[in-house]
Amino acid sequence: MSTADLVADAVVKRFAGHVAVDSLSFSVAHGSFFSILGPSGCGKTTLLRMIAGFIAPDSGDIAIGGRSMRDIAPNRRPVNMVFQQLALFPMMTVGENVAFGLARRGVARAERMRRSQAMLERVGLGQAAAKRVDQLSGGQRQRVAIARSLVLEPTLLLLDEPLGALDLKLREHMKIELKQLQAAFGTTFVYITHDQSEALVLSDHVGVMNQGRFEQLGPPQDLYYRPQTPFVASFVGANNRIVGRITRLDHESVELTTAQGWSIRALKQGAMSIGAAVEGFVRPEVTSLGRTEAELPRGQPWHSGEVQSLLFDGANSAVLLTERVTRREFRIALPQTGQFSDLKPHEQVLFSFDPARAVCFPARAGAAGQDG
Amino acid sequence: MASAPTQVAAGQARWHGRFLVILLLAPAVLWLGALIVLPHVDLAILSFRERVGPRQYVASLAEYKTFFTEPLYWHVFVRTAVMSVVATFLTLLLAFPMAWIIAKIAHGRARSTLFILCLIPFWVSETVRTLGWMILLRESGVLPSLLVKLGVTSVPVELLYHDATIMVGLIYASLLFMVIPLISSLESLDNALIEAAYDLGANGPAVLRTIVIPHAAPGITAGCIVVFMLTLGSYLTPTLLGGKNSQWFTEQIYTQFITRFNWEQGAAFGFLLLALSTALVMIGLKLTGQRFGEAMRRA
């Protein structure tokens with residue numbers, strides 16, 4: 001564990017009887033980009049604020065750079081934070097903002113100016129030192145906020161959904177920029193977000209958080225291809241959820257049959273027996289579409305449905321079907337070739353998927369009756 | 001000519017609109033004109049003349065000259081200014097933590113309760129409030145007898161008629177006028193800025209100096225201007241709590257007008273006080289780099 005910049009050990013935080021962070025343990029390796037992904041209210045902000053030192057854990061310990069942070073105030077931790085609304089100081093110039101932390105450390109004025117100017121140049125804002133904060137664009141402010149933290153050379157940089165306030169185009173651009181900045185500085189980043197695409201694109205490791213716990217922790221590819229819980233399967237990427245009971249079972253795959261009698265095959269994930277309530281997940285991207293059986297890949301069981309609507313979104317286009325037996329919605333990604341762009345509502349089509357790329361979990365308590 | 005009636009109607013509407021504006025402005029204009037501008041013009045004329053015989057006056061600067069040649073007036077004038085500056089500063093020091101608690105720490109009910117507690121003393125008139133202080137502080141009053149009972153003093157001491165007493169009365173009377181602009185300027189301070197400053201290594205005093213005070217500066221300026229003006233021009237508090245020793249400049253003006261019946265001198269003193277307060281406010285703004293308009297918007 002000598003290379004771990006952040007180690008959380010059984011960290012617990014309760015608010016008025018409700019458990020915000022539930023006995024969480026994890027470690028973040030030096031120089032990596034770690035994301036905490038979860039819906040709002042999952043406890044990720046609480047966790048980040050505990051790492052920054054604004055709130056103290058009820059029990060457990062957080063160590064940064066190998067040193068326990070118990071009873072260490074935020075201004076004494078080797079951690080800096082990029083706030084959700086950035087929190088740049090409007091009463092100061094851009095240069096003064098970046099030099100603020102250095103001034104607090106007692107760095108002499110000339111040295112302060114030199115280092116903040118050098119940092120601004122590294123983030124591409126060499127000309128902006130004398131500007132007021134409100135003269136900058138959203139993306140430039142973002143870079144100032146990061147520069148203001150990185151100039152202090154923290155062990156850990158915390159980022160609290162910093163892209164949330166930006167418009168879509170800028171957000172896409174800033175994602176790439178953040179990744180490049182992290183690679184260039186080599187600082188360990190801990191990033192929290194509810195946007196799965198941000199987490200997947202940016203991170204080396206992602207912790208998917210739900211109700212104060214990590215559902216799964218691993219590289220983005222694992223979360224996408226090998227989700228370990230139904231929550232991860234439905235939260236990371238798009239998924240069709242099919243609820244039913246086990247009708248056939250072998251050592252690695254199962255047959256799931258819905259209440260209406262539709263059967264699909266999927267990989268088994270977790271212990272289950274015949275008749276057990278389960279949830280299956282099939283990604284729109286792994287599903288093939290065809291007007292005839294011959295158009296579908298050979299050897300895959302096929303299903304049929306009726307076109308409900310066509311969702312054109314360039315490369316992310318999809319079609320919504322009504323599955324024939326269950327009359328439930330089923331989403332299928334359209335191929336990039338534009339092959340099925342002429343589909344019409346109410347058209348009957350066939351679809352199939354590789355059972356090895358669909359997963360089946362034991363149903364979560366209280367979730368069995370819901371449909372996906 | 002179908003448009004003729006609509007033109008007439010439009011003209012009428014415009015006239016109605018203008019009439020309404022005049023009507024709404026009338027009280028303010030009358031107030032300013034009759035009660036502020038006219039008396040001041042009259043006082044200005046009075047201050048620039050000298051009585052040379054019964055009902056005989058000549059234009060002169062004699063009244064202003066008296067002020068500069070008579071050390072008593074000059075002394076009272078400077079004393080009033082210094083005491084007012086000190087009172088304003090002490091009010092700021094006392095009001096800032098109060099405003100901070102109300103704006104940043106208290107929530108919901110506690111917050112409105114605290115605010116009402118600040119407001120309650122002002123439901124009573126200034127006279128009654130000042131007389132209340134006299135009951136507490138005079139030799140036979142509550143506090144001196146309490147001090148005797150507790151064994152702090154062997155005989156009751158007179159707590160009235162000291163400079164400190166005047167100061168207490170002045171601060172008490174002006175606290176609210178400092179607290180309100182401070183609350184509004186502290187409320188608008190984003191807590192994330194304070195957290196960000198801590199996160200970047202600042203300690204409490206550094207956050208106060210670099211983030212809180214620069215942000216609250218317009219509110220501080222507004223509060224200081226209002227309190228300074230109120231203190232400089234107050235009459236009742238220094239007179240009742242300071243007695244003969246108070247030597248407040250407004251008392252000199254009162255004496256000239258009422259006791260001496262020397263309206264010319266009183267008018268000149270009035271204008272000197274106006275010039276003094278304006279000059280000190282201007283110097284204060286210049287020193288802190290604040291602008292009057294900005295501060296008044298916050299107030």
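Predicted model, so just to flag it, every value in this text is computed and none were measured.

(A) Geometry of the interface of chain B and chain A. Across the boundary between the two partners, chain B contributes 15 residues, which contact 17 residues of chain A. Secondary structure elements with two or more residues in the side of chain B that touches chain A: α8 (191-199) and α9 (204-232) of chain B. Among the elements that make up the side of chain B that touches chain A, the one with the highest residue count is α8 of chain B (six residues). The residue makeup of the side of chain B that touches chain A, split by class, is nine nonpolar, three polar and three charged.

(B) Summary view of the nonpolar core. Formed by 130 residues in total, the largest nonpolar core has its most connected members in Ile51 and Leu158 of chain A together with Leu182 of chain B. Per-element accounting of this core gives the leading share, 14 residues, to helix α7 (residues 163-187) of chain B. Sequence-distant contacts of Leu182 of chain B, defined by excluding residues within four places in its chain, comprise Ala95, Phe96, Ala99, Ala216, Gly219, Ile220 and Gly223 of chain B.

(C) A look at the domain arrangement of chain A. Residues and elements named next belong to chain A. Looking at chain A, the domain boundaries give domain 1 (4-230) and domain 2 (238-362). Computed from C-alpha coordinates alone, the two centres of domain 1 and domain 2 are separated by 39 Å. Counting from both sides, the interface comprises four residues of domain 1 and, opposite them, four residues of domain 2. Split by residue class, the side of domain 1 that touches domain 2 holds two nonpolar, two polar and no charged.

(D) Examining the pairing of strand β18 (residues 329-333) of chain A more closely. Residue and element names in this part refer to chain A. Along β18, the buried face is formed by Phe330 and Ile332; none of Glu329, Arg331 and Ala333, which line the opposite face, is buried. Of the strand pairs in this sheet, strand β17 (residues 318-323) and β18 are connected by five bridges, and their pairing is antiparallel. Its bridge partner being in β18, Thr322 is matched across the sheet by Glu329. Hairpin connection between β17 and β18: a loop of five residues separates the two successive antiparallel strands, and Arg327 in this loop has a positive phi of roughly 60°.

(E) Fine view of the domain arrangement of chain B. Residue and element names in this part refer to chain B. With domains assigned, chain B is organised as domain 1 (1-47) and domain 2 (63-298). For domain 1 versus domain 2, the distance between C-alpha centres works out to 37 Å. For the side of domain 1 that touches domain 2, the residue count by class is three nonpolar, one polar and no charged.

(F) Summary view of the pairing of strand β1 (residues 4-15) of chain A. Residues and elements named next belong to chain A. In terms of strand pairing, β1 meets strand β2 (residues 18-29) through eight bridges, oriented antiparallel. Within β2, the position partnered with Ala8 by the bridge is Phe26. Connecting β1 to the antiparallel partner β2 that follows it, the hairpin turn spans two residues, and Ala16 within it adopts a positive phi of roughly 45°. By the bridge criterion, five bridges tie β1 to strand β4 (residues 59-64) in an arrangement that is antiparallel. Bridge pairing links Ala8 to Ile62 in β4.

(G) Region of the structure containing the sheet that holds strand β13 (residues 263-268) of chain A. Residues and elements named next belong to chain A. Spatial ordering of the closed barrel is given by β11-β12-β13-β20-β14, a layout of five strands whose pairing is mixed. Averaged over neighbouring strand pairs, the angle between their axes works out to 55° when direction is ignored. Bridging between strand β14 (residues 277-282) and strand β20 (residues 359-362) involves four bridges; their strand directions are antiparallel. Paired with Val278 across the strands is Pro362, a residue of β20.

(H) Layout of the environment of Arg49 of chain A. Residues and elements named next belong to chain A. Tracing the backbone through its elements, the reader meets Arg49 in helix α1 (residues 44-52). Considered as a pair, Arg49 and Val282 are 233 residues apart in the sequence and their alpha carbons are 36 Å apart. The residues touching Arg49, leaving out its near neighbours within four places in the chain, are Phe54 and Ile55.

(I) Unusual backbone geometry, seen in detail. Residue Leu86 of chain A is not a glycine yet carries a positive backbone phi of 70°. Mapped onto the fold, Leu86 of chain A is located in the loop between β6 (79-82) and α2 (94-104). On the basis of neighbour counts, which here come to 20 C-beta atoms within 10 Å, the residue Leu86 of chain A falls in the buried class. One non-glycine residue with positive phi stands out, namely Gln247 of chain B, at about 45°. Counting through the fold element by element, Gln247 of chain B comes out in the loop between α10 (236-242) and α11 (249-259). Gln247 of chain B sits in the partly exposed class, given 18 other C-beta atoms within 10 Å.

(J) A look at the confidence of the model for chain A. With 98% of its residues at a pLDDT of 70 or more, chain A shows a mean pLDDT of 91. Here residues 368-372 of chain A is a poorly scored stretch, pLDDT under 50, and it has 10 contacts once near neighbours within four places are set aside; other chains count.

(K) Local environment of the sheet that holds strand β7 (residues 156-160) of chain A. Residues and elements named next belong to chain A. Strand order in the open sheet formed by six strands is β6-β7-β8-β3-β9-β10, and the pairing between neighbours is mixed. Edge positions in the sheet fall to β6 and β10 (213-218), since each of these pairs with one other strand and no more. Taking the axes of each pair of neighbouring strands and ignoring which way they run, one obtains an average angle of 20° across the sheet. Where strand β3 (residues 33-37) meets strand β9 (residues 205-210), four bridges bridge the pair, whose relative direction is parallel. Across the sheet, the residue bridging to Ile36 is Gly207, located in β9. Packing of α1 onto the sheet brings it into contact with β3, β6, β7, β8 (188-193) and β9, and relative to β7 it is tilted by some 150°.

Cut-offs applied
- Residues numbered from 1 in each chain as written.
- Chains lettered and ligands numbered in written order.
- Predicted model: local features only at pLDDT ≥ 70, side-chain atom pairs only at ≥ 80, totals over all residues.
- Contact = placed C-beta atoms within 7 Å.
- Helix = DSSP H or I, 4+ residues; strand = E, 2+ residues; numbered from the N terminus.
- Nonpolar A, V, L, I, M, F, W, Y, C, P; charged D, E, K, R; others polar.
- Core = buried A, V, L, I, M, F, W, Y, C linked by C-beta atoms within 7 Å.
- Buried ≥ 20, exposed ≤ 12 C-beta atoms within 10 Å, placed from the backbone.
- Domains from an automatic or database assignment.
- Pairing = 2+ DSSP bridges.
- Axes fitted to C-alpha atoms, helices over the stretch in contact; angles between N-to-C directions.
- pLDDT = per-residue confidence, 0-100.

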